[in-house]
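# Breakdown of the fold
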Amino acid sequence: MNMQPLGDNIAKLRERVRLSAEKSQRCADDILLLAVSKTRPADDIRAAHSYGLSEFGESYLQEALEKIDDLHDLDLVWHFIGPIQSNKTRAIASHFHWVHSVDRVKIARRLNEQRPVQLPPLQVCLQVNISGETSKSGVTPQQLPQLAQEVSQLPHLQLRGLMAIPSASPDKEHQRDAFAQLHTAFTQLRSQIPQLDTLSMGMSGDMEAAIAEGSTIVRIGTALFGPRNR
Ligand SMILES: *Cc1c(COP(=O)(O)O)cnc(C)c1O
C-alpha cells in the first residue's frame, strides 16, 4: 500500500489510543499498538516500521515464516495470534516472541518443549472464550484457572495474560460488556498469579471499548492497512 495513507492511518490510530486512554485516566504508553499484518506483503511491514511500529501480529503460519525471513534485517517483535495446530508448534516456538492464542495444555507443553533453549521464554497469553463468542477457540472461564496454573509452571514459557476475540458488534455497550468479562477473569487470575500484566483485547472496530476496560495490547489490522480479502 502507499506510504501516505499508511502514515495517516498510524497517526489516526495513535490519536484514538491517546483519546481513549485519556478518557479512562490511563497512560497511552501502557497500550501497545500491535500491527496485524496477516495477508499483507512484507513491504507493508517495512513501511509501517519506518513510521515507528515494531510489533506485528500474524495468524497464518506459512506466510508469516516467509515474512519473518524476508524482514530479518529489521528489529521486529513477532506475535502469533491465530489458531494453533499441534503440528505448527515447533515453528511457532522457534520464530515468534509472543503467542496470544494458547487455549489448551497440550499446545502449551509442546511450545515449552520446542522453545529453543538459547532464546528467552516465549511470552504467552491464554485465549479465553467469553460468553457470546461464536468462535470455537478459547478456554472457558471455568477451565481458565486450571490451565493458567499449568502454563505458569512451564519454564520456557512466560505467562503474561489473557486474550479474547469477542464476536463483532456495532453496539458499544455490548462491546464493553465482553471486555469487562475478560477484565474480571484477569483480575481474579491475578490473585493466583500476580505477575500477569497483559490484556490483549480490542481490534479496529472496538478498540475504544477495550481500552476503557483495561486493554494493554490492541490488535489492529484493517484500520492500519485497509480492508482484507480474507
Ligand atoms: C485479523 C485479526 C485482528 C485484526 O482485526 P481488524 O478488525 O482488521 O483490526 C485482530 N486479532 C486477531 C486475532 C485477528 O485474527
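Right, let's walk through the structure included here. These numbers were taken from a predicted model, which means no experiment stands behind them. (Residues numbered from 1 in each chain as written. Predicted model: local features only at pLDDT ≥ 70, side-chain atom pairs only at ≥ 80, totals over all residues. Heavy atoms only, no water.)

### Topic: the site of the ligand
Surveying the vicinity of the ligand reveals the residues V36, K38, S59, I81, I165, M203, S204, R219, I220, G221, T222 and R228. Bound to the protein, the ligand loses 88% of the 390 Å² it would expose on its own. Of the residues that constitute the shell around the ligand, the class distribution is 5 nonpolar, 4 polar and 3 charged. (Near = heavy atom within 4 Å. Areas by Shrake-Rupley, 256 points an atom, 1.4 Å probe, with all protein chains shown as cover. Nonpolar A, V, L, I, M, F, W, Y, C, P; charged D, E, K, R; others polar.)

### Points about the pattern of salt bridges
Opposite charge on two side chains lets them pair, provided their charged atoms get close. Counted under the stated rule, the structure contains 10 salt bridges. The partner of R109 in a salt bridge is E150, and the shortest N-O contact between them spans 3.1 Å. A residue pair is termed long-range when its members are at least 10 positions apart, and R109 in helix α5 (residues 105–114) and E150 in helix α6 (residues 144–152) qualify at 41 residues. Judged by relative accessible area, which is 26%, E150 ranks as partly exposed. A single network of salt bridges, built from pairs that share partners, joins E15, R18 and E22. (Salt bridge = Lys/Arg side-chain N within 4 Å of Asp/Glu carboxyl O. Helix = DSSP H or I, 4+ residues; strand = E, 2+ residues; numbered from the N terminus. Buried < 20%, exposed > 50% of the residue type's maximum accessible area, 1.4 Å probe, protein only.)

### Some words on the packing of aromatic side chains
Going through the model one piece at a time under the given rule, you end up with 2 aromatic pairs. Ring geometry for F80 and F96: centres 5.3 Å apart, planes at 85°, overall edge-to-face. Of this pair, F80 sits in strand β3 (residues 77–80) while F96 sits in the loop between α4 (89–95) and β4 (98–102), and the two are 16 residues apart along the sequence. The burial state of F80 is the same as that of F96; both residues are buried. (Phe/Tyr/Trp six-rings, centres within 6.5 Å; stacked < 30°, edge-to-face > 60°.)

### Quick word on the side chain of K67
Its place among the elements puts K67 in helix α3 (residues 61–70). Within the structure, the side chain of K67 is placed 2.9 Å from the backbone oxygen of S37, a separation counted as a polar contact. At 2.9 Å, the side chain of K67 and the side chain of E58 are in polar contact. Setting aside its immediate chain neighbours within four residues, K67 contacts S37, K38, T39, R40, P41, A42, I45, E58 and W78. (Polar contact = N/O pair within 3.5 Å; in protein donor to acceptor, adjacent residues only side chain to side chain. Contact = heavy atoms within 4.5 Å.)

### Let's talk about a negative patch on the surface
A cluster of acidic residues, D43, E66, D69 and D70, forms a negative patch on the protein surface. A relative accessible area of 49% means that D70 is categorised as partly exposed. (Patch = residues over 30% accessible without salt bridge, like charges linked within 9 Å, V, L, I, M, F, W, Y side chains within 5 Å. Lys, Arg positive; Asp, Glu negative; His and termini not counted. Charge placed at Lys NZ, Arg CZ, Asp CG, Glu CD.)

### As for the nonpolar core
Generally speaking, soluble globular proteins have nonpolar side chains that are buried together. Counting 65 residues, the largest nonpolar core has L126, L162 and L224 as its most contacted members. Among the elements that take part in this core, helix α7 (residues 172–190) stands out by supplying 6 residues, more than any other. Counting residues in hydrophobic clusters, the runner-up holds 7 residues, among them L34, I81, W98 and C125. (Core = buried A, V, L, I, M, F, W, Y, C linked by side-chain atoms within 4.5 Å.)

### Things to note about the pairing of β4
Within β4, 5 of the 5 residues are buried, which leaves the element mostly enclosed by the surrounding structure. Alignment of β3 against β4, held across 2 bridges, turns out to be parallel. Pairing of F80 across the sheet is with V99, part of β4. Tracing the backbone out of β3, into α4 and back to the parallel element β4 gives a crossover that is right-handed. Bridging between β4 and strand β5 (residues 122–127) involves 3 bridges; their strand directions are parallel. Across the sheet, residue W98 finds its bridge partner in β5, namely Q123. Note that the unit made of β4, α5 and β5 has a crossover that is right-handed. (Pairing = 2+ DSSP bridges. Right-handed = clockwise from strand over helix to strand, strands pointing away.)

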